[in-house]
Every structure is written in C-alpha cells, then in structure tokens.
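# Residue-level structure breakdown
As a plain string of letters, each chain reads:
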Amino acid sequence: MSTVTATGDRGDVRVPVHGLTVLYDAECTLCTHLRDWLVRQPQLVPLKLVPAGSEEARTRFPDLDHSTTFDEVTVVGDAGQVYRDTAAWIVVLWALREHRPLAHRLSTPAGARLARGAVLAAAWWRGGQGQGDGKPFRRVDGWVYEPGIGWIYDPPGCAGGVCATR
C-alpha cells in the first residue's frame, strides 16, 4: 500500500475512489463522537468506520502497520490508497457532500497548514489536555504540546543509543 497525501504531485496516476474505510480509536471519546457525526453526514463516497486494531481491521488490511493507526487517523481507499494524519482528515471531508468544497480548500498549501493545526488541536484534546491535566502531550512524530508555550517540535531521540524503527 502506498501513502498518498492530499497535496501530492498533480502528475500522480489517478485511481478513482469508490469507498473509504476510516480506522478510528474506539476507546477515544473524541474519535467515537466524530464517528457518530460521520455516519449522520450525507456521503458522496461511502465511508465504512472500523475500530483501529480490531480483528476486522487486521483481516481487511493485513499489510497495514496497525500499531500506527492508534497514533494517527488512518483512512484506506478501496484501491489500497492509505491516507494518514492531515491527509486522512481532508479525504474524509472530501467524501462528504456538504464538506467537499472545504476539503478542496484544505488541500492547498495554505489550507493544509490550517488542517494540520486542526489535527494537532484534536491530538491535544485526545491526549487529555482538553481536560486541563497540565501534562505535556507528546506525539510519536516529535510534536509536543507544552501548556503555556504551545506546540513545539522536538525530534524523537534514541534512548540509550537504540533508536526505535517503524
């Protein structure tokens, strides 16, 4: 499976998308709220919502790294396209009748920065910061939310000289 970004090279080979599977964290209240919202939206492209890491997800997508689907939103197209993080949010909006124009605006370079901010805000809330516990929220990609400072980038290091690989 290849990774596709919403702002990818316009010369890429186009593959029509007839359906999308959204992998969501069933233990996350924000994720389940968004799942419930998505099923109520008129869809131009059908969305199937599947809990991340579930038996169904592992059976449907055996080649996908399922451990990463808990770290970032992951959407899989019916032709094997894999969208992660900001691109995943944009492609889900693109699938919705009332939000497709917004998805087109967010797929521009300026819009992608706005979409990235929304994804980081959701990650902040999801990490428990929305309840005001005051602890920094650290993402695996190196972004850290420090209360009172905001989002900063702190690249992942190697503990004891050993680096984790994905």
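Residues numbered from 1 in each chain as written. Predicted model: local features only at pLDDT ≥ 70, side-chain atom pairs only at ≥ 80, totals over all residues. Heavy atoms only, no water.

A few words now on the environment of Asp 71. Topologically, Asp 71 is positioned in the loop between α2 (55-60) and β3 (74-77). Overall, the relative accessible area of 33% leaves Asp 71 in the partly exposed class. For the pair formed by Asp 71 and Asp 85, sequence separation is 14 residues and the distance between their alpha carbons is 8.8 Å. (Helix = DSSP H or I, 4+ residues; strand = E, 2+ residues; numbered from the N terminus. Buried < 20%, exposed > 50% of the residue type's maximum accessible area, 1.4 Å probe, protein only.)

Attention now goes to the nonpolar core. Within the largest apolar cluster, 23 residues are counted, with the highest numbers of intra-cluster contacts made by Leu 20, Val 22, Leu 38, Leu 47, Val 75, Tyr 83 and Val 92. Going through the elements one at a time, β1 (20-24), α1 (29-40), β2 (47-51), α3 (85-95) and α4 (100-106) are the ones with two or more residues in this core. If you tally residues by element for this core, the top one is α3, at six residues. Contact partners of Val 22, with chain neighbours within four places excluded, come to Leu 47, Lys 48, Leu 49, Val 50, Thr 74, Val 75 and Val 92. Core analysis: the next-biggest nonpolar cluster, separate from the first, contains eight residues, Val 50, Leu 64, Val 76 and Val 82 among them. (Core = buried A, V, L, I, M, F, W, Y, C linked by side-chain atoms within 4.5 Å. Contact = heavy atoms within 4.5 Å.)

Next up on the list: the packing of aromatic side chains. Applying the stated criterion across every chain, the model contains zero aromatic pairs. Over the aromatic face of Trp 94 sits the side chain of Arg 100, whose NZ or CZ is 4.1 Å from the ring centroid. (Phe/Tyr/Trp six-rings, centres within 6.5 Å; stacked < 30°, edge-to-face > 60°. Lys NZ or Arg CZ within 6 Å of the ring centre and 35° of its normal.)

It is worth spelling out the pattern of salt bridges at this point. A full pass over the atoms with the stated rule returns four salt bridges. A salt bridge links Arg 35 to Asp 36, with the nearest nitrogen and oxygen atoms 2.8 Å apart. Between Lys 48 and Glu 56 there is a salt bridge; the shortest N-O distance is 3.4 Å. A residue is classified by how much of its surface remains accessible, and Lys 48, at 37% relative accessible area, is partly exposed. (Salt bridge = Lys/Arg side-chain N within 4 Å of Asp/Glu carboxyl O.)

Our focus in this paragraph is α3. Within α3, nine of the eleven residues are buried, which leaves the element mostly enclosed by the surrounding structure. Those residues of α3 lying buried are Asp 85, Thr 86, Ala 87, Ala 88, Ile 90, Val 91, Val 92, Leu 93 and Ala 95.

With that settled, the discussion passes to α1. Helix length check: α1 (twelve residues) gives 17 Å between terminal C-alpha atoms against 16 Å at 1.5 Å per residue, within 8%. Taken as a whole, α1 has its buried residues at Leu 30, Cys 31, Thr 32 and Leu 38. (Expected span 1.5 Å × (residues − 1).)

Attention now goes to the sheet that holds β3. If you walk across this open sheet you meet the four strands as β2-β1-β3-β4, and the pairing is mixed. Each edge of the sheet is formed by a strand with only one pairing partner; in this case those strands are β2 and β4 (82-84). Ignoring strand direction, the axes of neighbouring strands in this sheet form an average angle of 25°. Pairing analysis gives five bridges linking β1 to β2, with the strands arranged parallel. Within the sheet, the bridge partner assigned to Tyr 24 lies in β2 and is Pro 51. Of the strands in this sheet, β1 and β2 are in contact with α1, which crosses β2 at around 155°. Together, β1, β2, β3 and β4 form the strand contacts of α3, whose direction differs from that of β4 by roughly 110°. (Pairing = 2+ DSSP bridges. Axes fitted to C-alpha atoms, helices over the stretch in contact; angles between N-to-C directions.)

A word on the confidence of the model for the protein chain. Model confidence for the protein chain is summarised by a mean pLDDT of 76, while 65% of its residues fall at 70 or above. Within the protein chain, no element has a lower average pLDDT than strand β5 (residues 137-138), which sits at 58, and none a higher one than β2, at 96. In this model residues 1-12 is a low-confidence stretch, pLDDT under 50, and it forms 21 contacts with partners more than four residues away in sequence or in other chains. (pLDDT = per-residue confidence, 0-100.)

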